[in-house]
Amino acid sequence: MAKLGIEAIAEILEARSFLDKKEEQVSRILLDSRQYSSAAGVIFFALRGKRHNGHDHIRELIEKGVRNFVVEKIPSPQPVGVNFLQVHHALAALQKLARHIRMRSSARIVAITGSNGKTVVKEWLSQMLQSQYKVCRSPKSYNSQIGVPLSVWELEDHHQLGVFEAGISQPGEMARLQEVLHPQLGIFTNIGSAHAENFRNAQQKIAEKLKLFEAVEALVYQKNDTFLSKEIEAFAHEREIELLSWSYLDDSADLFVAERSSIEGATRFHLQMNGEDVYLDLPFSDEASQQNAMHALRMALHLKMPLESLRSSMSQLQAVEMRLQMKMGNNGNLIINDAYNSDLESLRIALHFLENHGVNQDRVLILSDMLQSGLEPAVLNERMSEIIARFSLKKVIGIGPNLYEQGLKVTVPTDLYPDTESFLSHIYRYNWSNTALLLKGARSFRFEKISQRLEQKSHETRLNIYLDRMVGNLNYFRRLLSPQTGIMAMVKAFSYGSGSTEIAHLLQFHGVDYLGVAYTDEGVELRKAGVNLPILVLNPERSSLEDLVTYRLEPEIYSFSRLEEFVETLSRLGVSESFPIHLKIETGMHRLGFTEDQLPELVQRLKNLPQLTLASVFSHLAAADDPDQRDFSQGQIAQFEKMTARLRKKLGGNFKRHLCNSSGILNYPEAHFDMVRLGISLYGIGSNEEAARHLKVVSELKASVSQLKKLQPGDSVSYGRHFIADKETTIAVVSIGYADGFRRSLSNGVGEVAIAGKRYPVVGNVCMDMIMVDVTGSTVAEGDEVEIFGASISVNELAAKMNTIPYELFTGIGRRVKRVYFME
Ligand SMILES: *Cc1c(COP(=O)(O)O)cnc(C)c1O
């Protein structure tokens, strides 16, 4: 992490500067106002994106205490007491600052590019080098126009090597990354056919990527007879770059893989280098891992790492696990488990995640010593303390000899233990309830033992929810919508079965405009969990109106009686200022809503009700997913336009209009109006082919094998004896039943499950808590994971077999099924 005075930064950026606080020291870069955690030492770069404009958040950040801003335009009137550096282009300024940090560092830089494997090669190379070098590497997969400068910002005086990855999505980008990184050494991993959209062809893509290596001394590549290999050689010869080759095929390569043998998930390499035979082991056996390991190895050899050290580090390489896992624990606790190889940047990211998901809970960090950071223990503890101090926590528990001896310099109460076992033997002392716990431990500390102790012991059936997929789905819709169109995310019915508060927090974090729920109680739960977005309640029951007002929820008003009741509630509670309401109008669904002939009276009444603000007027499409009903849907759209035009004329045009659900968004782009209500597609179901290709189902339903049983001919299975074995048969009893949403109509061969990717039919009747499947002749074992839907069996297929639609399948998953969240 660099540290610079604001005047120095102004000079580096050649900015027009307006400095009210010349003494400010900057140590942290903020690019996204949602990532704000504390103001100390922060400089905010107001970047402009397609959807976001950093300039819109300047005032909010000033209120929070941020003092330093790099802007393209100074807000007017100009706020006082803060520093503004005005530049032509904020992103270019960020890159320029990073380039300055890079050029003053004496570290040698290894840059990695290619279509696949960049992150793994970076992690593995760093692991291989750690015993001899102080290495700075980019956090996670920070490899973009923004990610690379942020990575470089982490370079410090003591670093001897920087290992950074660089990725591009369009021509012109690599030259800028080359300027920021100015690498002396390079690795080109490979070239794939993916993401070619912005490139004319593979040749252009390769040429563009090679620009990263314009000024390197040496370059690692896989030597073979591919086009890529030839291009790299030509490029290097022209510039007198030393080629560092490895190969499976060509024994003239510096590092020749004579043989690879895979045994039980591991690989033994027989290598030839400088005429010597060398044997090395890798704890992975897949093709991609083998290739990644060879790239890293070739570079490590060039950097003079001793063979003995490489032999040991290569045999211990870890999977690059970037998942944050979130689970419900006992007493309403939330447990966030971060298994990522612990380092300072990942600590910061995980603390952010804790802050965003444990909003109204006490937050506790359980942290182990960090291994392999390349820093002296005292310096490392200081850095950890600095990061921890930026977040508001109730308690920190430090585990490991280093933390135990050195302690942390933070003001929150801290308990220290020399090892995980000694913490576990004291865990009974902690009485956590309504707490969000972040577990952040290096692998060797075995923190999974802690999470097992804290987890709910419910039956093993669970719904895994992959939050990144939901973000991907949301972004797909963002690209479809014009920037003026708002998004209301529908989180009714326990977020279509995926769990309400976690999903709502995620959506809030990713900037949706509104949330929609069916009943008041659902909205109250979100408010209690700290969700601040405006929330529309579709069907506010009379008895819940007080709660609705108390918790600042916004009612759908669909009839005169609802309107009266609501006005009465407001006056009873003494609310006299503008309370937002949403009118539902009838255009063809024939469910709730005012009809056209009621509009004159409605207008009359609303004019006399200043305590209400008409926030929006909306209606609902009855058959947006059905191409045969196009005429009907277009009729609904026309009717909606006509009715809202009348309301605008009489009431003014300040209200928002919205009509489309997921299918409406996809099939009627002309009807997006001011906002859309996104439901099922957020969870990954798309009603046309194009959308179905881009969207990912966010959840997977899993159970496990409770018992295996051998049947003799004539034995029967389950209630009613509908299955009779006609030969020796093995059945697996699986921990899911109709109480979990696995319908009884799936009995007797209608339903199937998948175990290790293979399908097995249900035999006999589905019970309340269990099913039996025929696994005769398989290697299925007790405790095996069973997929109900997921990678092998799609939601659409299972819903069809249950004679229903994905909506009902999702919302019918029992509440006792544990929801487990994953995040990259
Ligand atoms: C549920 C609901 C939606 C979302 O519908 P999807 O088909 O899931 O996108 C939109 N509007 C209203 C009024 C709803 O009740």
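This text follows the structure it describes.
Thresholds applied
Residues numbered from 1 in each chain as written. Predicted model: local features only at pLDDT ≥ 70, side-chain atom pairs only at ≥ 80, totals over all residues. Heavy atoms only, no water. Near = heavy atom within 4 Å. Polar contact = N/O pair within 3.5 Å; in protein donor to acceptor, adjacent residues only side chain to side chain. Nonpolar A, V, L, I, M, F, W, Y, C, P; charged D, E, K, R; others polar. Helix = DSSP H or I, 4+ residues; strand = E, 2+ residues; numbered from the N terminus. Contact = heavy atoms within 4.5 Å. Core = buried A, V, L, I, M, F, W, Y, C linked by side-chain atoms within 4.5 Å. Buried < 20%, exposed > 50% of the residue type's maximum accessible area, 1.4 Å probe, protein only. Pairing = 2+ DSSP bridges. Axes fitted to C-alpha atoms, helices over the stretch in contact; angles between N-to-C directions. Patch = residues over 30% accessible without salt bridge, like charges linked within 9 Å, V, L, I, M, F, W, Y side chains within 5 Å. Areas by Shrake-Rupley, 256 points an atom, 1.4 Å probe, with all protein chains shown as cover. Salt bridge = Lys/Arg side-chain N within 4 Å of Asp/Glu carboxyl O. Lys, Arg positive; Asp, Glu negative; His and termini not counted. Charge placed at Lys NZ, Arg CZ, Asp CG, Glu CD. Phe/Tyr/Trp six-rings, centres within 6.5 Å; stacked < 30°, edge-to-face > 60°. Lys NZ or Arg CZ within 6 Å of the ring centre and 35° of its normal. Expected span 1.5 Å × (residues − 1). Parallel < 35°, antiparallel > 145°, perpendicular 65-115°, else oblique. Left-handed = near helix turned anticlockwise from the far one by under 90°.

Draft legend 1. Molecular detail of the site of the ligand. Around the ligand, the neighbouring residues are Met490, Lys492, Tyr496, Leu538, Arg591, His620, Asn661, Ser662, Arg677, Gly679, Ile680 and Tyr807. Asn661 places a polar side-chain atom, nitrogen or oxygen, 3.1 Å from an oxygen atom of the ligand. Per-class residue counts for the shell around the ligand are five nonpolar, four polar and three charged.

Draft legend 2. Geometry of the environment of Trp246. Mapping Trp246 onto the fold places it in strand β13 (residues 242–247). Each C-alpha atom of the pair Trp246 and Tyr221 lies 6.6 Å from the other, and the pair is 25 residues apart in sequence. Aside from chain neighbours lying at most four places away, what touches Trp246 is Val220, Tyr221, Gln222, Lys223, Ala253, Leu255, Val257, Gln291, Met294, His295 and Arg298. Here the side chain of Trp246 touches His295 through a polar contact of 3.1 Å, side chain to side chain.

Draft legend 3. Quick peek at the nonpolar core. Counting residues in hydrophobic clusters, the biggest one holds 138 residues, and the most contacted among them are Leu351, Ile388, Leu507, Leu515 and Phe566. Residue contacts for Leu507: discarding those within four places in its chain leaves Met470, Leu474, Ala489, Val491, Val512, Leu515 and Leu682. Counting residues in hydrophobic clusters, the runner-up holds 55 residues, among them Leu4, Leu19, Leu85 and Phe164.

Draft legend 4. Broad picture of the sheet that holds strand β4 (residues 28–30). Reading across the sheet, the five strands line up as β2-β7-β6-β5-β4 and stay open at both edges, with mixed pairing between neighbours. A single partner strand is all that each edge strand has here, and the edge strands are β2 (16–19) and β4. Strand-to-strand, the axes of this sheet are offset by a mean angle of 20°, without reference to chain direction. Inspection of the sheet shows strand β6 (residues 68–71) paired to strand β7 (residues 83–86) by four bridges, in the parallel sense. Its bridge partner lying in β7, Asn68 is registered against Asn83. Sheet strands touched by helix α1 (residues 6–13): β2, β5 (42–45), β6 and β7. Its angle to β7, the strand with the most contacts, is close to 10°. Contacts between helix α3 (residues 90–104) and the sheet are confined to β4, β5 and β6, with β5 contributing the most and set at about 135° to the helix.

Draft legend 5. Spatial organisation of a negative patch on the surface. A contiguous patch of negative charge on the surface is contributed by Asp521, Glu525, Glu541 and Asp547. By relative accessible area, which is 56% here, Asp521 ends up exposed.

Draft legend 6. Up close: the packing of aromatic side chains. Within the structure shown, the criterion is met by 15 aromatic pairs. Ring geometry for Tyr476 against Phe477: centres 5.5 Å apart, planes inclined by 80°, an arrangement best described as edge-to-face. Seen from their ring centres, Tyr496 and Tyr807 are 6.2 Å apart, and the 40° between their planes marks the pair as tilted. Taken together, the residues span a long stretch of sequence, with Tyr496 in helix α17 (residues 492–496) and Tyr807 in helix α27 (residues 806–811) at a distance of 311 residues. One aromatic cluster in this structure is built from Tyr417, Phe423, Tyr430 and Trp432. The residue whose ring lies beneath Arg260 is Tyr248, and the NZ or CZ to ring-centre distance is 3.7 Å. One residue, Arg648, lies across the ring of Phe655, its end atom 5.4 Å from the ring centre.

Draft legend 7. Inspection of helix α21 (residues 560–572) at higher detail. Compared with the 18 Å implied by 1.5 Å per residue over 13 residues, the 18 Å span of α21 between its first and last C-alpha is a close match. For α21, the secondary structure elements touched by its buried residues are α20 (545–550), β27 (554–557), β28 (579–584), α22 (599–607) and β29 (612–618). Two residues or fewer past α21, Gly574 is found with a positive phi of approximately 70°.

Draft legend 8. Geometry of the pattern of salt bridges. For the coordinates displayed, the defined rule picks out 45 salt bridges. Glu421 is the partner of Lys449 in a salt bridge, and the nearest nitrogen-oxygen pair spans 2.8 Å. Of this pair, Lys449 sits in helix α15 (residues 448–454) while Glu421 sits in helix α14 (residues 420–424), and the two are 28 residues apart along the sequence. Judged by relative accessible area, which is 29%, Lys449 ranks as partly exposed. The class for Glu421 is partly exposed, based on a relative accessible area of 46%.

Draft legend 9. Spotlight on the packing of α21 against α22. Close contact between α21 and α22 brings their axes to 12 Å; oriented N to C, the two are set at 10°. Between α21 and α22, the crossing angle belongs to the class labelled roughly parallel. Contacts between α21 and α22 pair Phe560, Leu563 and Glu564 from the former with Glu601, Leu602, Arg605 and Leu606 from the latter.

Draft legend 10. Highlighting the sheet that holds β13. Strand order across the open sheet formed by nine strands is β9-β10-β8-β11-β12-β13-β14-β15-β16, with mixed pairing between neighbours. Only two strands of the sheet have a single partner each, and these edge strands are β9 (135–137) and β16 (276–282). In this sheet, adjacent strand axes meet at a mean angle of 20° when their direction is disregarded. Bridge count for β9 against strand β10 (residues 161–165) is three bridges, and the pairing is parallel. Looking at the pairing, Arg137 lines up with Val163 of β10. Those strands touched by helix α4 (residues 118–129) are β8 (108–113), β9, β10, β11 (185–188) and β16, and its axis lies near 165° from that of β10.

Draft legend 11. Structural context of the packing of α4 against helix α9 (residues 287–302). At their nearest, the axes of α4 and α9 sit 9 Å apart, and the two run at 45° to each other. In terms of orientation, α4 lies oblique with respect to α9. α4 and α9 meet at a crossing whose hand is right-handed. Taken together, the residues of α9 that come into contact with α4 (itself represented by Val120, Val121, Trp124, Leu125, Met128 and Leu129) are Ser289, Asn292, Ala293, His295, Ala296, Leu297, Met299 and Ala300.

Draft legend 12. Structural view of unusual backbone geometry. Here the residue pair Ser76 and Pro77 is connected by a cis peptide bond, since its omega of 0° sits within 30 degrees of zero. In this structure, Pro77 sits in the loop between β6 and β7. For Glu14, which is not glycine, the phi torsion reads 50° and is therefore positive. Inspection of the secondary structure puts Glu14 in the loop between α1 and β2. Located in the positive-phi region is Arg721, a residue other than glycine, with phi close to 55°. Examined against the element boundaries, Arg721 turns out to sit in the loop between β33 (716–717) and β34 (723–724). Judged by relative accessible area, which is 52%, Arg721 ranks as exposed.

Draft legend 13. Seen up close, the pairing of strand β37 (residues 758–763). Looking at chain direction, strand β36 (residues 752–755) and β37 are connected through four bridges and run antiparallel. Bridging across to β37, Ile755 finds its partner in Lys758. Remark: two residues form the turn of the hairpin made by β36 and β37, two consecutive strands paired antiparallel; Ala756 in that turn has positive phi of roughly 50°. Pairing geometry for β37 and strand β38 (residues 771–774), over two bridges, is antiparallel. Bridge pairing in β38 links Val763 to Met772.

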